[in-house]
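Descriptive structure summary
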Amino acid sequence: MVKAGPATQLSLYGTEDSLYFWIARLALHERGLSYDIIEMDPFDPPLPDNYLALHPFGRIPTLVHDDFALYEASAILRYVDQVFDGPSLVPADARAAARMSQLMSLLDDYAVNPMIAKVVSERLFSPLEGEEPNEEAIAEGLRGADRALAAVEAIVSEGLILNQRSVTLADLYLGPFIGYFVMPPEGVVMLRKFPALSRWYDWFAARPSAMAANPGPPTNEDK
Ligand SMILES: N[C@@H](CCC(=O)N[C@@H](CS)C(=O)NCC(=O)O)C(=O)O
């Protein structure tokens, strides 16, 4: 295990207004690591060839630790957990560990599109581009979000993970999804339907790593 210091260099490529960049930053803050942010905006192409050499799909984030480059947020979280000092972020219990993997995968597959690509992008990011939010997309996103959050509520209620006792990769993954989702008012209203998840989020959002990594609502100045 190592602590990032003079002998070890950590850089995170990405841009602040990004879900997966926020997730990766959370892991670094959770471990109390110092790191450089190298600004890379995938929504402002073309990306430089030296970045595409690190991430052939041209997305963010990418973590570079000394001579080791790694993309995919879930892989970054697992790497940071294993390499840097701190309490394990993967449960020892097989069922809790499996539930954690399930949660991360369900968020990627069933929550990004409705919650982030539809509700958050349309309500928060489109106006910054001078575009009217697509209300139909938002309504469809809210229906999908309801279904995804009901599944998350069941997992929180079960208590194997997201139980406010120990932090796992599931907490670090879920936090930014909910953090973005409650930036528009529709998200705040919907979250209230899910009491266990709401209690978890109140606890999570007050943790120092969550507060340090939260980019806040996007503004025109970020553009
Ligand atoms: N599976 C990837 C997803 C990364 C991703 O989609 N990042 C977004 C920003 S949150 C991105 O780079 N989008 C640019 C694009 O879609 O072209 C991961 O876990 O890192």
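Residues numbered from 1 in each chain as written. Predicted model: local features only at pLDDT ≥ 70, side-chain atom pairs only at ≥ 80, totals over all residues. Heavy atoms only, no water.

1. Focus: the side chain of Asp171
- When you line up the elements, Asp171 lands in helix H6 (residues 169–181).
- Look at Asp171: it is buried, it has no salt bridge, and the nearest opposite charge is Arg207 at 7.0 Å.
- In this structure, Asp171 is in contact with Leu162, Ser166, Trp200, Trp203 and Phe204, ignoring residues within four places of it in sequence. (Helix = DSSP H or I, 4+ residues; strand = E, 2+ residues; numbered from the N terminus. Buried < 20%, exposed > 50% of the residue type's maximum accessible area, 1.4 Å probe, protein only. Lys, Arg positive; Asp, Glu negative; His and termini not counted. Salt bridge = Lys/Arg side-chain N within 4 Å of Asp/Glu carboxyl O. Contact = heavy atoms within 4.5 Å.)

2. Points about the site of the ligand
- The environment of the ligand is made up of Ser18, Leu19, Tyr20, Pro42, Phe43, Arg59, Ile60, Pro61, Glu72 and Ala73.
- Between a nitrogen atom of the ligand and a side-chain N or O atom of Glu72, the distance comes to 2.8 Å.
- In this structure, an oxygen atom belonging to the ligand sits 3.0 Å away from a main-chain N or O atom of Ala73.
- For the ligand, whose accessible area on its own is 510 Å², the fraction buried by protein is 78%.
- The cavity where the ligand resides is the largest pocket.
- In the shell around the ligand, the residues fall into 7 nonpolar, 1 polar and 2 charged. (Near = heavy atom within 4 Å. Polar contact = N/O pair within 3.5 Å; in protein donor to acceptor, adjacent residues only side chain to side chain. Areas by Shrake-Rupley, 256 points an atom, 1.4 Å probe, with all protein chains shown as cover. 1 Å grid on protein atoms, 1.4 Å probe; cavity = no way out; pocket = protein on both sides within 12 Å on 5 of 7 lines; lining within 4 Å. Sits in = over half its atoms within 2 Å of the grid points. Nonpolar A, V, L, I, M, F, W, Y, C, P; charged D, E, K, R; others polar.)

3. Quick notes on the UniProt feature "domain: GST N-terminal" (unreviewed entry) in the chain
- Within this numbering scheme, the UniProt entry marks residues 8–88 as carrying the feature "domain: GST N-terminal" (unreviewed entry).
- In residues 8–88, helix accounts for 36% and strand for 21%; the two terminal C-alpha atoms are 21 Å from one another. (UniProt positions renumbered as here; feature names shortened; annotations may be inferred.)

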